[in-house]
Each structure stands twice: as C-alpha cells, then as structure tokens.
Amino acid sequence: MSALNRVPSLMARAGTASALTIAAVGGSIVVPGVASDAEAATPATKALQVAASKKGSPYKWGAAGPHRFDCSGLTLYSYKKAGKKLPRTAAQQYNKTRHISAGSRKAGDLVFFHSGSSVYHVGIYAGKGKIWHSPKSGEVVKLQKIWTKSVWYGRVK
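All of these numbers come straight from a predicted model, not from anything done at the bench.

**Student:** I keep staring at the overall build of the chain and nothing clicks. Help me out?
**Tutor:** Looking only at helices and strands, the chain has five helices and six strands in total. Walking the chain from its N terminus toward its C terminus, one meets helices and strands in the order α-α-α-α-α-β-β-β-β-β-β. Scored against the burial criterion, the 157 residues of the chain give a buried share of 39%. In the chain, the proportion of contacts linking residues at least 24 apart, taken out of those at least 6 apart, comes to 50%.

This is the structure:
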C-alpha cells in the first residue's frame, strides 16, 4: 500500500492529523486559492497565485500595483505577471474575456459583479465560491466568499 493510500486510515485512527503528519506520509494539503503543481503552468492559475500573494495590500482607486490596487488593477497586474494582457477597467475586462457559465468556472477565471448590464467590480475566482479581490477604499486585498448572485464569469483568452 502506498503512503498516499494510508493517509485516510491513519487519519481515521488518529481522529485528526496535522499538516506535518499528512506531508510526512506523502499526502497533500489543499489550500483554497492556491494551485497544485499540476495546475501551476496555466496563466489562470499563475494569475491566481499572484493575486493571493498580494493579500493585505491596500486598496487605492486607480492603482494597478505592485503595492496598492483597485479591483481591476489587481486582475490586470495578476494576469500581466502570468503573461496575459487585460484592459484597465472591470467593464473593459469583461468585454475582453470569453463569457462562461457558473458551472464552467475554474480557479483563475474572472468574476464580474454587475448591476443590470453594468459591471462594477471584478475579482479572480479561487474555487469553493471564493474570490481574491481588492474590495474598496479602507480595505485590503483578501480572499472572500462571493456575496451575491449578480455575477458573470469570464475566462481570459
């Protein structure tokens, strides 16, 4: 039996296992918003990693990094570091992406918040209903649960 296959039985016997215990027996640890090695090569997962690395950076209207960001500045910066070019505003970014359904969304896709037909905010999908984004003045880049159903999804081409 491989070490990976023993993880569930070890965890069942112990009740819980520390991250070090899981790693010691060859298991893997899932962290929301962080791509696995197999996924790391795609621009979308690279952009997601870049956005996550900016956790705690302050919001500043009109800023596109590297230390301060508004919402579309964070997505522009993250995708630029991943080798993809995006326009500046959330609405322009929406128009530049391939629109996809919620059921087709993947980590690294863009999440566009809208009111009617107007896009007013953007973040990077991290999986499990969460996004990395730079919310508003007085806040910082963070991982947050999507708080509304008024969202559209776009995949950077």
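Now, onward.
**Student:** Explanation requested: the pairing of strand β3 (residues 118–127) in the structure shown.
**Tutor:** Successive side chains on a regular strand alternate, one facing one side of the sheet and the next facing the other. Most of β3 sits out of view: eight of its 10 residues are buried. Relative to β3, strand β2 (residues 110–115) is paired through six bridges, and the arrangement is antiparallel. Counterpart to L110 in the pairing with β3 is I124. What sits between the antiparallel neighbours β2 and β3 is a turn of two residues, in which G116 has the positive phi angle 65 degrees. Sheet topology places β3 next to strand β4 (residues 130–133); three bridges connect them, and they run antiparallel. Counterpart to G127 in the pairing with β4 is K130.

**Student:** Before we go on, may I ask you to explain the packing of helix α3 (residues 43–53) against helix α4 (residues 71–81) in this structure?
**Tutor:** What describes two packed helices is the angle between their axes and the distance between those same axes. α4 packs onto α3 with a crossing angle of 125 degrees between their chain directions and a minimal axis gap of 8 Å. As judged from the angle between their axes, α3 and α4 are oblique. Both α3 and α4 take part in a crossing whose hand is right-handed. Residue-level inspection shows P43, A44, K46, A47, V50 and A51 of α3 in contact with α4, the latter providing L74, Y77, S78, Y79 and K81. The residue makeup of the contact of α3 with α4, split by class, is eight nonpolar, one polar and two charged.

Cut-offs used in this document
- Residues numbered from 1 in each chain as written.
- Predicted model: local features only at pLDDT ≥ 70, side-chain atom pairs only at ≥ 80, totals over all residues.
- Heavy atoms only, no water.
- Helix = DSSP H or I, 4+ residues; strand = E, 2+ residues; numbered from the N terminus.
- Buried < 20%, exposed > 50% of the residue type's maximum accessible area, 1.4 Å probe, protein only.
- Contact = heavy atoms within 4.5 Å.
- Pairing = 2+ DSSP bridges.
- Axes fitted to C-alpha atoms, helices over the stretch in contact; angles between N-to-C directions.
- Parallel < 35°, antiparallel > 145°, perpendicular 65-115°, else oblique.
- Left-handed = near helix turned anticlockwise from the far one by under 90°.
- Nonpolar A, V, L, I, M, F, W, Y, C, P; charged D, E, K, R; others polar.

The analysis is restricted to geometry; functional conclusions fall outside its scope.
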